[in-house]
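# Geometric and topological summary
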Amino acid sequence: MSRALILGAALTLTVLAGAALSLVWTPYDITQMSIPDRLQGPSGAHWLGTDHFGRDILSMLMLGARTSIAVALVAVGIGAGVGVPLGLTAAARRGGLVDEAISRLSDLVFAFPSLVIAILITASFGASALNAILAIGIFNIPVFARLTRGAALPVWQREFILAARTFGKGAGRISVEHILPNLTNLLIVQCTIQFSLGILAEAGLSYVGLGAQPPTPSWGRMLADAQTLVTLAPHVALIPGLTIVLTVLGLNLLGDGLRDALDPRLKVIRA
């Protein structure tokens, strides 16, 4: 087991544990403001200090983790749930009209920066966590579609696919029973990468006011609220910023570690 996998798993599990714990307990109630305690530094009472409303930052981070994880997880589910079947269909119909249509639609989406698309969707339909999920999920669809198509095409040339065709199996059945299992490891790694990008996208949307709305906590909005307080109370901005960095780093390391562990070709090269 590689160091990247261990460190990535540790960071990721820490964030997941904090989000899960917030479902039943947080150190303080974030709906209760305490102006006399505002902008306090880390202490025994408030391990990570308090924000400009006197709310406990650790409690805000725990609840914000739940928001970020939920948005990114559902968005990745939308991307994989729609994109993978599209990619399998395009590979099965390679060179045909369906393949061309899916490929060109993917190119069209990739022609625009993902954050611009997300801002356009959330600004058009209203700022909310649901619309943030929709915006991030839409961009994930062509990512998974293109990845699946590209990885599936070589598999269609393998001998066992020819054998399956000999037994009378159709393209759809071959895609599900033979192509998809050979792509599982690759898709798992891609899911971790898109999950980290989803967390970044959610934080970016919340930062500009287009993500989850108050009173729902969000790491991005914590940064936005703290941007004018950097010189007065640096911890208010540094702590949520470092949380986002470490979470994304952990997921990327986890993805790299899973790729190394699941790809037999890398094991052969290293051996």
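Residues numbered from 1 in each chain as written. Predicted model: local features only at pLDDT ≥ 70, side-chain atom pairs only at ≥ 80, totals over all residues. Heavy atoms only, no water.

Glancing now at the packing of helix H7 (residues 171–207) against helix H9 (residues 235–262). Contact geometry of H7 with H9 gives a least axis separation of 8 Å together with a crossing angle of 170°. By the angle between their directions, the pair H7 and H9 is classed as roughly antiparallel. Contact residues: H7 offers Asn-185, Ile-188, Val-189, Thr-192, Phe-195, Ser-196, Ile-199, Leu-200 and Ala-203, while H9 offers Ile-244, Thr-247, Val-248, Leu-251, Asn-252, Gly-255, Leu-258, Arg-259 and Leu-262. Per-class residue counts for the contact of H7 with H9 are 11 nonpolar, six polar and one charged. (Axes fitted to C-alpha atoms, helices over the stretch in contact; angles between N-to-C directions. Helix = DSSP H or I, 4+ residues; strand = E, 2+ residues; numbered from the N terminus. Parallel < 35°, antiparallel > 145°, perpendicular 65-115°, else oblique. Contact = heavy atoms within 4.5 Å. Nonpolar A, V, L, I, M, F, W, Y, C, P; charged D, E, K, R; others polar.)

Time to look at the packing of aromatic side chains. Counting across every chain of the model gives one aromatic pair. Taking the centre distance of 5.8 Å and the plane angle of 85° together, the rings of Phe-110 and Phe-139 count as edge-to-face. Taken together, the residues Phe-110 in helix H3 (residues 97–110) and Phe-139 in helix H5 (residues 129–155) connect sequence positions 29 residues apart. A residue is classified by how much of its surface remains accessible, and Phe-110, at 29% relative accessible area, is partly exposed. The exposure class assigned to Phe-139 is buried, which follows from its relative accessible area of 18%. (Phe/Tyr/Trp six-rings, centres within 6.5 Å; stacked < 30°, edge-to-face > 60°. Buried < 20%, exposed > 50% of the residue type's maximum accessible area, 1.4 Å probe, protein only.)

Given 3.6 residues per helical turn, the α-helix brings residues three or four places apart onto the same face. The first and last C-alpha atoms of helix H1 (residues 3–21) sit 27 Å apart over 19 residues, in line with the 27 Å expected at 1.5 Å per residue. Among all positions of H1, only Leu-5, Gly-8, Thr-12, Val-15, Gly-18 and Ala-19 are buried. Its buried side turned inward, H1 meets helix H2 (57–92), helix H8 (219–226) and H9. (Expected span 1.5 Å × (residues − 1).)

Moving on, we get to H8. Along H8, six of the eight residues are buried, which leaves the element largely enclosed by surrounding structure. The complete set of buried residues in H8 reads Trp-219, Gly-220, Arg-221, Met-222, Ala-224 and Ala-226. The inward-facing, buried residues of H8 contact H1, H2, H7 and H9.

Here the focus is the environment of Leu-197. Here Leu-197 is to be found in helix H7. The spatial distance from the C-alpha of Leu-197 to the C-alpha of Pro-217 is 19 Å, given a sequence separation of 20 residues.

To continue, consider the nonpolar core. Core analysis: the largest hydrophobic core is formed by 42 residues, its most contacted members being Trp-156, Ile-179, Leu-183, Phe-195 and Trp-219. Only H1, H2, H5, helix H6 (159–166), H7, H8 and H9 provide two or more residues apiece to this core. The dominant element in this core, judged by the number of residues it contributes, is H2, at 13 residues. Ignoring anything within four residues of it in the chain, the contact list for Ile-179 reads Leu-88, Ala-152, Val-155, Trp-156, Ile-161 and Ile-174. If you look at the next biggest cluster of nonpolar residues, it comprises 13 residues, including Ala-75, Ile-117, Ala-135 and Val-143. (Core = buried A, V, L, I, M, F, W, Y, C linked by side-chain atoms within 4.5 Å.)

This paragraph deals with the pattern of salt bridges. Under the defined criterion, the tally for this structure stands at nine salt bridges. Notably, a salt bridge pairs Glu-177 with Lys-169, separated by 3.0 Å at the nearest N-O pair. Residue classification places Glu-177 among the partly exposed residues on the basis of a relative accessible area of 37%. For Lys-169, a relative accessible area of 22% translates into the label partly exposed. (Salt bridge = Lys/Arg side-chain N within 4 Å of Asp/Glu carboxyl O.)

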